[in-house]
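Analysis of the macromolecular model
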Amino acid sequence: MKFGGFYELQHPRPWAEGSEHTLLKNALEQVELSDRAGYDYVWATEHHFLEEYAHSAAPEVFLAACSQRTKNVRIGHGIVQMPPYINHPARVAERIATLDLISDGRCDFGCGAGATETELGGFNVPQAEKKDMFLEGMRIAIRMMVEQPFTGYESKYLKIPQRNVVPKPYQKPHPPLWMACSRRESILQAARLGVGALAFSFVSPEEARQWVKDYYWTIENECDPIGYAVNPQFAITCPFLCDNDERRMAQVGAEAYGFFIYGLGHYSFFGEHVPAKTDIWNEYKTNPHEFIPPEGRIQDCVGTPEMLRNRLREFEEVGIDQVVCLSQAGNVPHELLCSSIELFSREVLPEFKDRDQANARRKADVTARISEKAMARKTPAEALKERVVIKAAGHH
């Protein structure tokens with residue numbers, strides 16, 4: 001089982017002059033430390049207009065900085081919002097390829113639709129059409145990274161003439177593909193598309209067991225790959241902090257991840273948001289009602305090294321390929337985030353890395369078997385269109 005750090009870049013009020021600068025610089029320090037400590041991935045999400053909850057509006061810039069301050073971790077977009085009104089697929093293909101090149105082939109490409117009306121409405125993306133738009137944008141961006149030239153496309157949302165999209169990615173045919181998932185239905189969809197499942201629901205190992213089983217059966221037996229290579233991997237996100245003081249962990253974890261869930265509820269379910277005015281942190285601290293997600297109690301990896309070891313063994317046993325560590329949340333201090341990484345990597349991580357390396361051959365065999373069966377089912381790409389010659393405009 002592998003481990004990845006996750007950055008939403010939460011930034012609760014009150015804000016001080018320069019605090020966003022500090023937020024980003026601290027996050028980059030944490031990423032550097034994670035790389036040295038032996039983490040396998042660093043993930044950054046994309047959100048827009050979600051004050052306090054996520055100041056990660058340009059993850060491609062953040063991840064580019066991460067790529068130059070690290071040597072080993074994979075650099076994961078988790079995720080790019082793919083409705084074309086938010087990110088045109090040509091711009092996505094260009095950015096992903098460039099990031100893959102400057103990171104020497106360490107880029108992973110995760111896709112999603114976005115969720116809240118605050119975000120989607122800001123780009124005039126209809127909620128009822130976001131999923132179709134996301135899948136279309138994802139499919140076209142993948143084609144653009146592979147086709148020479150891209151043969152063109154026209155639909156309700158896009159009209160793209162034939163062009164050769166450059167640069168092409170370092171990894172061939174393209175970086176590993178992932179999809180954001182929150183329910184069993186989206187996990188099965190990721191499997192049918194042949195992409196990794198990035199599960200953003202905080203579920204117990206026992207609940208995850210059936211999800212993993214269903215995912216792997218589906219990707220092996222029903223997948224029609226959206227890409228030109230499959231990526232059979234199942235990752236799950238967990239609130240994650242490690243410290244020897246169990247009581248402190250309980251207090252810090254309850255406040256930080258309570259805010260994470262409250263902020264999600266504010267933008268998705270019950271909040272009335274006035275841009276640049278609403279103070280979500282203050283509401284969270286003073287509002288007596290506690291927002292509980294539909295899934296129920298938060299399942300976390302917050303506690304002492306021994307507590308984390310036991311919980312992570314449970315995730316490992318049910319077949320989780322990667323735990324994505326949601327550590328930077330609420331007002332968790334930078335110093336605690338750093339000490340958490342160091343303590344976890346020293347006291348817990350080594351045994352999991354040993355078993356992951358011992359299991360590498362078996363995992364490679366499973367991936368090869370799934371890939372062979374899945375790629376044989378891939379719907380053939382449309383026939384290349386007639387060659388297009390673009391005449392340069394004359395000087396006037």
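Residues numbered from 1 in each chain as written. Predicted model: local features only at pLDDT ≥ 70, side-chain atom pairs only at ≥ 80, totals over all residues. Heavy atoms only, no water.

**Describing the overall build of the chain**
What counts, and what does not: In this description a helix means any DSSP run of H or I spanning at least four residues, a strand means any run of E spanning at least two, and both kinds are numbered starting from the N terminus. Two things to know: the radius of gyration comes from C-alpha atoms, and the globule rule equals 2.2 Å times the number of residues to the power 0.38. Think of it in three bands: with a 1.4 Å probe and only protein chains considered, a residue is buried below 20% of the maximum accessible area for its type, exposed above 50%, and partly exposed in between. Between two residues, a contact is recorded if the distance between any of their heavy atoms is within 4.5 Å. Here the accessible surface of atoms and residues is derived via Shrake-Rupley with a 1.4 Å probe, and residues count as covered only by protein chains that are part of the display. Note on charges: Lys and Arg go in the positive column, Asp and Glu in the negative column, and His and the chain ends are not counted at all. For this purpose, a charge sits on NZ of Lys, CZ of Arg, CG of Asp or CD of Glu.
Summing up its helical and strand segments, the chain has 13 helices and 11 strands in all. Computed over C-alpha atoms, the radius of gyration of the chain comes to 21 Å, within 12% of the 21 Å expected from 2.2 N^0.38 for 396 residues, which places it in the range of a compact globule. Seen along its three principal axes, the alpha-carbon backbone of the chain occupies a region of about 70 × 50 × 35 Å. By residue count, 56% of the 396 residues in the chain fall in the buried class. Counted over contacts in the chain with a minimum sequence separation of 6, partners at least 24 positions apart contribute 77%. For the chain, the accessible area works out to roughly 18,000 Å², and carbon and sulfur atoms hold 52% of it. With 45 positive and 54 negative side-chain charges, the chain shows a separation of 6 Å between the mean positions of the two kinds.

**Here we look at the pairing of strand S9 (residues 234-242)**
Where we set the bar: One requirement defines pairing of two strands: DSSP has to find at least two bridges between them.
S9 sits mainly inside the fold: 9 of its 9 residues count as buried. Where burial is concerned, the two faces of S9 agree: the one with Phe234, Ile236, Cys238, Phe240 and Cys242 and the one with Ala235, Thr237, Pro239 and Leu241 are both buried. Alignment of strand S8 (residues 196-199) against S9, held across 3 bridges, turns out to be parallel. Across the sheet, Leu198 pairs through a bridge with Ala235, a residue of S9.

**Comments concerning the packing of aromatic side chains**
The test is simple: Pairing of aromatic side chains here covers Phe, Tyr and the six-membered ring of Trp, requires ring centres within 6.5 Å, and sorts the geometry by plane angle: under 30 degrees stacked, over 60 edge-to-face, intermediate tilted. Both a distance and an angle decide whether a charge sits over a ring: NZ of Lys or CZ of Arg must be within 6 Å of the ring centre and within 35 degrees of the ring normal.
Following the criterion strictly, the structure yields 20 aromatic pairs and no others. Taking the centre distance of 5.8 Å and the plane angle of 45° together, the rings of Phe202 and Phe260 count as tilted. Residue Phe202 is found in the loop between S8 and helix H7 (205-221), and its partner Phe260 is found in helix H8 (residues 246-270); the two are separated by 58 residues along the sequence. Its relative accessible area of 9% is what places Phe202 among the buried residues. With 5.7 Å between their ring centres and 80° between their planes, Tyr215 and Phe234 make a pair best called edge-to-face. Of this pair, Tyr215 sits in helix H7 while Phe234 sits in strand S9, and the two are 19 residues apart along the sequence. Judged by its relative accessible area of 0%, Tyr215 is buried. The buried category is assigned to Phe234, whose relative accessible area is 0%. One aromatic cluster is present, built from ring pairs that chain together Phe3, Tyr39, Phe240, Phe344 and Phe352. Directly above the aromatic system of Trp15 lies the positively charged group of Arg13, at a separation of 3.9 Å from the ring centroid. Above the ring of Tyr228, the side-chain terminus of Lys378 is found at 4.6 Å from the ring centroid.

**Side note on a nonpolar patch on the surface**
To keep things clear, this is the line we draw: The residues that make up patches have over 30% relative accessible area and no salt bridge, and they are joined within 9 Å when like-charged or within 5 Å when they are Val, Leu, Ile, Met, Phe, Trp or Tyr. Whenever Lys or Arg places a side-chain nitrogen within 4 Å of a carboxyl oxygen from Asp or Glu, that contact is recorded as a salt bridge.
On the surface, a nonpolar cluster with roughly 280 Å² of combined accessible area is contributed by Leu101, Ile102 and Tyr170. With respect to the element layout, Ile102 can be found in helix H3 (residues 89-102).

**Let's talk about the confidence of the model for the chain**
Which entries qualify depends on this criterion: Per residue, pLDDT captures the predictor's confidence, and it can take any value from 0 to 100.
Residues with a pLDDT of 70 or more make up 93% of the chain, whose mean pLDDT is 94. Under a pLDDT of 50 for its full length, residues 383-387 has, in the predicted model, 7 contacts with residues more than four places off or in other chains.

**Remarks on the environment of Val31**
As for its position among the elements, Val31 is in helix H1 (residues 19-37). Sequence spacing of Val31 and Leu63 is 32 residues, and the spatial spacing of their C-alpha atoms is 9.8 Å. Those residues in contact with Val31 that sit more than four places away from it in its chain are Tyr7, Val42, Phe62, Cys66 and Thr70.

**Remarks on the pattern of salt bridges**
A side chain of one charge can pair with a side chain of the opposite charge if their charged atoms are brought near each other. With the rule as written, the count across this model stands at 27 salt bridges. We note a salt bridge from Arg369 to Glu220, for which the minimum N-O separation is 2.7 Å. Taken together, the residues span a long stretch of sequence, with Arg369 in helix H13 (residues 360-377) and Glu220 in helix H7 at a distance of 149 residues. The exposure class of Arg369 is partly exposed, given its relative accessible area of 40%. For the salt bridge of Glu347 with Arg346, the shortest nitrogen-to-oxygen distance reads 3.7 Å.

**Focus: the layout of surface pockets**
Rules: Points on a 1 Å grid over protein atoms alone make up a cavity when a 1.4 Å probe fits among them but cannot get out, and a pocket when they form an open set with protein on both sides within 12 Å along at least five of seven lines; lining residues each have an atom within 4 Å of a point. Grid points are joined across faces, edges and corners, and a volume is the space filled by probe spheres set on the points. Three residue categories are used. Nonpolar comprises Ala, Val, Leu, Ile, Met, Phe, Trp, Tyr, Cys and Pro, charged comprises Asp, Glu, Lys and Arg, and polar comprises the others, including Gly.
Computed from the structure, the second largest pocket encloses a volume of approximately 750 Å³. Forming the boundary of the second largest pocket are 34 residues, of which Lys2, Gln233, Asp321, Asp356 and Lys363 lie nearest the centre. Elements represented by at least two residues in the lining of the second largest pocket include exactly H7, helix H12 (349-358) and H13. The element contributing the most residues to the lining of the second largest pocket is H13, with 8 residues. Residues that form the lining of the second largest pocket fall into these classes: 14 nonpolar, 7 polar and 13 charged.

**Let's talk about unusual backbone geometry**
Omega for the bond connecting Arg13 with Pro14 falls within 30 degrees of zero, at 0°, which places this linkage in the cis form. Mapped onto the elements of the fold, Pro14 is located in the loop between strand S1 (2-7) and H1. Here the amide bond leading from Val166 into Pro167 is cis, since omega sits at 0°, within 30 degrees of zero. For Glu52, which is not a glycine, the phi torsion comes out positive at approximately 75°. For Glu52, the position within the fold is in the loop between strand S2 (41-44) and helix H2 (59-69).

**Brief notes about empty space enclosed by the protein**
The full count for this structure, using the stated rule, is 1 cavity of 30 Å³ or more. Elements with a minimum of two residues in the lining of the largest cavity: S1, H1 and helix H11 (334-347). Tallied by class, residues from the lining of the largest cavity come to 7 nonpolar, 6 polar and no charged.

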